[in-house]
Amino acid sequence: MKREKCLLLLLLFLVPSLTGCWDHKVLQDMSYVSAVGIDYVDNQFVLYTQMVDFASVGKVEGVSSEEASSNIWVSKATGSTFRSAINNLYNSTQQRVHIGQISAVVLSQKAMEKHLNQTIDVFERSEARLTPWIFTTEEPMDDLFSITPMFPQTPLLTLLISPESNYKQHSLIRPLKLVEFIALNKEPSTSIIVPTLSIEKKSWKKRKKKMPEMTINGAIIYHTEKKPRWMSKDTLLGVRWLEEKTTHTPLALNDGKGDPKALLYFENPKVSVKSELSAKGEPVYNLHIKVHGELSQLNVPMSLKKLETEAEARIKAEIRSTYAAGLKSNVDVYHLEEIMFRHRYADWKRLTSGKSFPFTKNSLRDIQVDVDITNTGMSKFKT
């Protein structure tokens, strides 16, 4: 009996000292930002946010596109600084806003040119993580953020929030994480390829009504000491052959009239880039690329050897064409300067003393491509 009384007294002493979750926030009482857009107009930061009703994220069955659209809210606020634009956003929010779940950051080209370090600084000092995807766009951001996914899906299944699924099936311009951009931005020698989102209004219809969807139509090439330059997806085709994370990319072989002869898919290129100095002391580069793939379509009789030879020639042509386009825009699309910076720092330091790193049409010297087609399906090849 005495023991029971002691236990009771101990309980009475401990219960008042127990801490409760007095500051606990109910999930549905908060607004969650899924994407942030940043523009710079008339010396003002323009901030856009996309907020998604997370109660609808798990609901797929029986949800119409109209219902999915109603679960997306888009806001706009301005300020003389990025932080003040965020504070001005809070003026009209009805609930507490949580930015720790941001999945995408979208910048206009003007926002990349003006006070980008200020934007990065705010992200690094806030509760927002550095893991969102980073994009650029020249589309109206409120239109971009209002696009809903195809079919009755969660509003988070778009290229804006989940670009990796599309890239695994159709690898052209690799999606980029904000943390990777920040790390590369601190390097004096690195050019960064930031994908550009646009709105495709012609490809899809529902009940004969055109349905806008997101697409990657190019990228901005960013360097800390140069003006950001935009390049289209078609001019950047060579980039995929120097990107080892390329998982599934198409290559069409056409005849002299432009008619398709064969369609192949390639994956996981192995890339070796070696830098050296020419007799004139200029930087030159030699590339060696090994890539294997599969035959998807064959319209004319061809031997396997001829198929591989034509694919090699086509890949070389794309690499040189993209390099020439980058040279015309004064951007280093293949990060070649970084190769010199990493492996020949003394030469890089001398070449950049008081001037930009030199590039000419002769800087990209030798390109060796080895194609290995390992899957031909049931096709019969001409011997």
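Residues numbered from 1 in each chain as written. Predicted model: local features only at pLDDT ≥ 70, side-chain atom pairs only at ≥ 80, totals over all residues. Heavy atoms only, no water.

A. Summary view of the overall build of the protein chain. If you tally the helices and strands in the protein chain, you get eleven helices and 16 strands. On the protein chain, roughly 21500 Å² of surface is accessible, and the fraction owed to carbon and sulfur atoms is 52%. (Helix = DSSP H or I, 4+ residues; strand = E, 2+ residues; numbered from the N terminus. Areas by Shrake-Rupley, 256 points an atom, 1.4 Å probe, with all protein chains shown as cover.)

B. Spotlight on the pairing of strand β12 (residues 229-232). Direction of pairing for strand β11 (residues 213-222) relative to β12: antiparallel, over a ladder of four bridges. Among the inter-strand pairings, I221 is bridged to a residue of β12, identified as R229. The loop that links β11 with its antiparallel partner β12 comprises six residues. (Pairing = 2+ DSSP bridges.)

C. Representation of the nonpolar core in the model. The biggest cluster of nonpolar side chains holds 60 residues, and the ones touching the most others in it are L160, W241, I319 and Y334. Discounting residues that sit within four places of it in the chain, L160 has contacts with A35, Q50, S103, A104, V106, W133, F135, F145, L197 and M214. One finds A77, A85, L176 and V194 within the second-largest nonpolar core, a separate group that totals 33 residues. (Core = buried A, V, L, I, M, F, W, Y, C linked by side-chain atoms within 4.5 Å. Buried < 20%, exposed > 50% of the residue type's maximum accessible area, 1.4 Å probe, protein only. Contact = heavy atoms within 4.5 Å.)

D. Layout of the sheet that holds strand β16 (residues 364-375). Taking strand neighbours across the sheet as the criterion, the four strands line up as β13-β14-β15-β16 in an open arrangement whose pairing is mixed. Looking along the sheet, the strands with just one partner apiece sit at the ends: β13 (249-254) and β16. Shown here is a sheet whose adjacent strand axes are inclined to one another by a mean of 35°, direction ignored. Taken together, the 14 bridges between strand β14 (residues 260-277) and strand β15 (residues 283-298) define a ladder with antiparallel strand orientation. (Axes fitted to C-alpha atoms, helices over the stretch in contact; angles between N-to-C directions.)

E. View of the confidence of the model for the protein chain. Confidence in the prediction of the protein chain, expressed as mean pLDDT, is 86, and 85% of residues score 70 or more. Per-residue pLDDT stays below 50 along residues 60-65; that stretch engages in eight contacts with residues further than four places along the chain or on separate chains. (pLDDT = per-residue confidence, 0-100.)

F. Looking closely at unusual backbone geometry. The phi dihedral of K208 falls on the positive side, at around 65°, and the residue is not glycine. Note that K208 resides in the loop between β9 (205-206) and β10 (209-210). Here K208 falls in the exposed class, since its relative accessible area comes to 79%. For H335, which is not glycine, the phi torsion reads 55° and is therefore positive. On the secondary structure map, H335 appears in the loop between α9 (304-328) and α10 (336-343). Taking relative accessible area as the criterion, H335 reaches 27% and is therefore assigned partly exposed.

G. Quick peek at the packing of aromatic side chains. One pass over the full model with this rule turns up nine aromatic pairs. Relative to F45, the ring of Y40 has its centre 5.1 Å away and its plane inclined at 80°; by these criteria the two rings are edge-to-face. Residue classification places F45 among the buried residues on the basis of a relative accessible area of 1%. An angle of 40° between the planes, with centres 6.1 Å apart, marks the rings of F45 and F82 as tilted. On the criterion of sequence distance, the pair formed by F45 in strand β2 (residues 44-52) and F82 in helix α3 (residues 82-90) is long-range, its members being 37 residues apart. Every member of this aromatic cluster is reached through a ring pair, and the members are Y40, F45, F82 and F123. Seen from the ring of W133, K177 lies directly overhead, with NZ or CZ sitting 4.0 Å from the centre. (Phe/Tyr/Trp six-rings, centres within 6.5 Å; stacked < 30°, edge-to-face > 60°. Lys NZ or Arg CZ within 6 Å of the ring centre and 35° of its normal.)

H. Spatial organisation of the side chain of S171. Checked against the element boundaries, S171 lands in the loop between α7 (163-169) and β7 (176-177). Note on S171: relative accessible area 0%, which makes it buried. A polar atom in the side chain of S171 sits 3.1 Å from the side chain of T247. Once residues within four sequence positions are removed from consideration, S171 is found in contact with R240, T246, T247, H248 and T249. (Polar contact = N/O pair within 3.5 Å; in protein donor to acceptor, adjacent residues only side chain to side chain.)

I. Spatial organisation of α9. With 25 residues, α9 should cover 36 Å at 1.5 Å per step; its first-to-last C-alpha distance of 36 Å lies within 8% of that length. Turning to α9, its buried residues number three or more, namely L307, E308, E310, A311, I315, E318, I319, T322, Y323 and G326. Of the surrounding elements, those touching the buried residues of α9 are β12, β13, β14, β15, α10 and β16. Where α9 ends, the next residue or the one after it, N330, has phi of about 60°, a positive value. (Expected span 1.5 Å × (residues − 1).)

J. Molecular detail of helix α5 (residues 116-125). Of all the positions in α5, only L116, T119, I120, V122 and F123 are classed as buried. The arc enclosing the buried residues of α5, seen along the axis, measures out at 155°, which places them on a common side. Looking at α5, the residues exposed on the side facing more than 90 degrees away from the buried face are N117 and R125. (Arc of directions from axis to C-beta.)

K. The environment of L304, seen in detail. Its location among the elements puts L304 in helix α9. Residue L304 is classed as partly exposed on the basis of its relative accessible area of 31%. Placed 69 residues apart in sequence, L304 and I373 show a C-alpha to C-alpha distance of 7.9 Å.

L. Spatial organisation of the packing of α3 against α5. At a minimum axis separation of 9 Å, α3 and α5 run at an interaxial angle of 55°. Looking at the two axes, α3 sits oblique to α5. Across the interface between the two elements, F82, R83 and I86 of α3 pack against Q118, T119, V122 and F123 of α5. Split by residue class, the contact of α3 with α5 holds four nonpolar, two polar and one charged. (Parallel < 35°, antiparallel > 145°, perpendicular 65-115°, else oblique. Nonpolar A, V, L, I, M, F, W, Y, C, P; charged D, E, K, R; others polar.)

M. Representation of the packing of α5 against helix α8 (residues 178-185) in the model. The geometry of α5 relative to α8 is characterised by a closest axis approach of 12 Å and an angle of 125° between their N-to-C directions. Considered as vectors, α5 and α8 are oriented oblique to each other. Here the hand of the crossing between α5 and α8 comes out left-handed. For the pair α5 and α8, the contacting residues are L116, N117, I120, F123 and E124 in the first and L178, F181, I182 and N185 in the second. For the contact of α5 with α8, a count of residues per class yields six nonpolar, two polar and one charged. (Left-handed = near helix turned anticlockwise from the far one by under 90°.)

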